[in-house]
Amino acid sequence: MARVLVVEDDQFVRSALIRHLTDASHTVRSVATALEALREVAHHEFDVVILDLGLPDLDGAEALKMLRGITQVPVIVATARDDETEIVRLLNDGADDYLVKPFSVEHLSARMAAVLRRARGGAQGGAGADRVIRVGGLAVDPLRRRAVLDGRTLELTRREFDLLAFLAQRPGVVVARRELLAEVWQQSYGDDQTVDVHLSWLRRKLGETAANPRYLHTLRGVGVKLEPPQEPPRETARDLPHSSPRR
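### Focus: the sheet that holds strand β8 (residues 146-149)
Taken together, the four strands give an open sheet; going across it, the order is β6-β7-β8-β9, and neighbouring strands pair in antiparallel fashion. The open sheet terminates on both sides in strands that have one partner only, identified here as β6 (133-135) and β9 (152-153). Sheet analysis places β6 next to strand β7 (residues 138-141), joined by three bridges and oriented antiparallel. In the sheet register, Arg134 faces β7, and the bridge partner there is Ala139.

Quick look at the structure:
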């Protein structure tokens with residue numbers, strides 16, 4: 001059972017979705033505008049949002065960006081737009097999945113189940129889901145979705161955390177951008193620039209740059225890896241300057 005927010009201005013479609021989701025034992029709230037949706041997610045907890053793009057007060061793509069500013073709840077976009085460029089843009093802007101209208105209730109159920117499995121994967125977890133991953137001074141807690149660097153909690157977006165956690169689980173392993181798109185963004189296609197932009201934001205929050213990396217290291221044309229910072233070599237007697245003889 002999931003708590004679902006349906007954002008759909010077409011009364012017939014909205015009623016059909018509510019009926020189907022309620023019959024499937026989900027708890028459903030529904031609104032017809034983007035502003036109502038923003039108020040709902042600000043005051044109630046949801047497991048998934050089904051978001052229509054053709055809303056009367058604000059385009060759904062803009063509503064998606066605003067939702068991502070206040071919540072990381074999974075969003076399934078329901079759209080009549082089947083242009084690949086538009087779909088990729090929506091996924092890059094924070095949508096977790098999309099459905100092209102018209103769609104069957106069976107299709108919606110399957111997509112919802114997949115999105116909820118991904119979102120609840122850590123909490124439902126298999127072995128080691130509650131294990132805190134430590135890489136140098138970085139601690140990543142997948143279950144509580146918390147990352148701490150040198151005692152300071154990092155303020156990460158949902159996608160930034162997913163990216164960091166995925167790399168932290170494979171310390172020292174070079175991961176190709178295409179694999180990151182597939183595993184973190186759940187996209188079988190897309191622009192590698194999406195990964196690069198999120199890596200840039202993540203580096204900033206880790207206190208590093210591409211030119212002076214500490215944790216995130218890019219291998220040009222290959223991929224990226226996360227590993228602990230290299231400790232400076234310890235000084236030995238041979239490295240120390242010779243002291244002047246006492247006078």
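### Quick word on a nonpolar patch on the surface
A contiguous nonpolar patch, built from Val174, Leu219 and Val222 and spanning about 200 Å² of accessible area, is present on the exposed surface. The residue Leu219 is located in strand β10 (residues 216-219) in this model. Its relative accessible area of 32% is what places Leu219 among the partly exposed residues.

### Some remarks on the sheet that holds strand β5 (residues 97-100)
Strands sit in the order β2-β1-β3-β4-β5 across an open sheet of five strands; the sheet is parallel. The sheet is open, and its two borders are formed by β2 (27-31) and β5, each paired with just one other strand. Along the sheet, successive strands turn relative to each other by an average axial angle of 20 degrees, direction set aside. Bridge count for strand β1 (residues 3-7) against strand β3 (residues 48-52) is four bridges, and the pairing is parallel. Looking at β3, one finds that Leu5 is bridged to Val49.

### Quick notes on the nonpolar core
Core analysis: the largest hydrophobic core is formed by 27 residues, its most contacted members being Leu138, Val140, Leu163, Leu167, Leu180, Leu206 and Leu226. Contributing elements (two or more residues each) for this core: β6, β7, β8, α6 (158-168), α7 (177-183), α8 (192-206) and β11 (223-226).

### Comments concerning the pairing of β1
Burial of β1 is extensive: four of the five residues sit out of reach of the surface. Taken together, the five bridges between β1 and β2 define a ladder with parallel strand orientation. When the sheet's bridge partners are listed, Leu5 is paired in β2 with Arg29.

### What about the pattern of salt bridges?
Scanning all chains against the criterion turns up 17 salt bridges. Residue Arg158 pairs with Asp96 through a salt bridge whose shortest N-O separation is 2.5 Å. With Arg158 in helix α6 and Asp96 in the loop between α4 (84-92) and β5, this pair connects stretches of sequence that are 62 residues apart. No difference in accessibility class separates Arg158 from Asp96, as the two residues are buried. Residue Asp97 is joined to Arg111 by a salt bridge in which the shortest nitrogen-to-oxygen separation is 2.7 Å. Separated by 14 residues along the polypeptide, Asp97 in strand β5 and Arg111 in helix α5 (residues 105-124) bring together distant segments of the chain. Residue class for Asp97 comes out buried when judged on its relative accessible area of 11%. The network of salt bridges with common partners includes Arg3, Glu45 and Asp47.

### Examining the environment of Arg152
Residue placement: Arg152 occurs in strand β9. Sequence separation between Arg152 and Leu138 is 14 residues; the distance between their C-alpha atoms is 9.4 Å.

Criteria and thresholds
Residues numbered from 1 in each chain as written. Predicted model: local features only at pLDDT ≥ 70, side-chain atom pairs only at ≥ 80, totals over all residues. Heavy atoms only, no water. Pairing = 2+ DSSP bridges. Helix = DSSP H or I, 4+ residues; strand = E, 2+ residues; numbered from the N terminus. Patch = residues over 30% accessible without salt bridge, like charges linked within 9 Å, V, L, I, M, F, W, Y side chains within 5 Å. Areas by Shrake-Rupley, 256 points an atom, 1.4 Å probe, with all protein chains shown as cover. Salt bridge = Lys/Arg side-chain N within 4 Å of Asp/Glu carboxyl O. Buried < 20%, exposed > 50% of the residue type's maximum accessible area, 1.4 Å probe, protein only. Axes fitted to C-alpha atoms, helices over the stretch in contact; angles between N-to-C directions. Core = buried A, V, L, I, M, F, W, Y, C linked by side-chain atoms within 4.5 Å.

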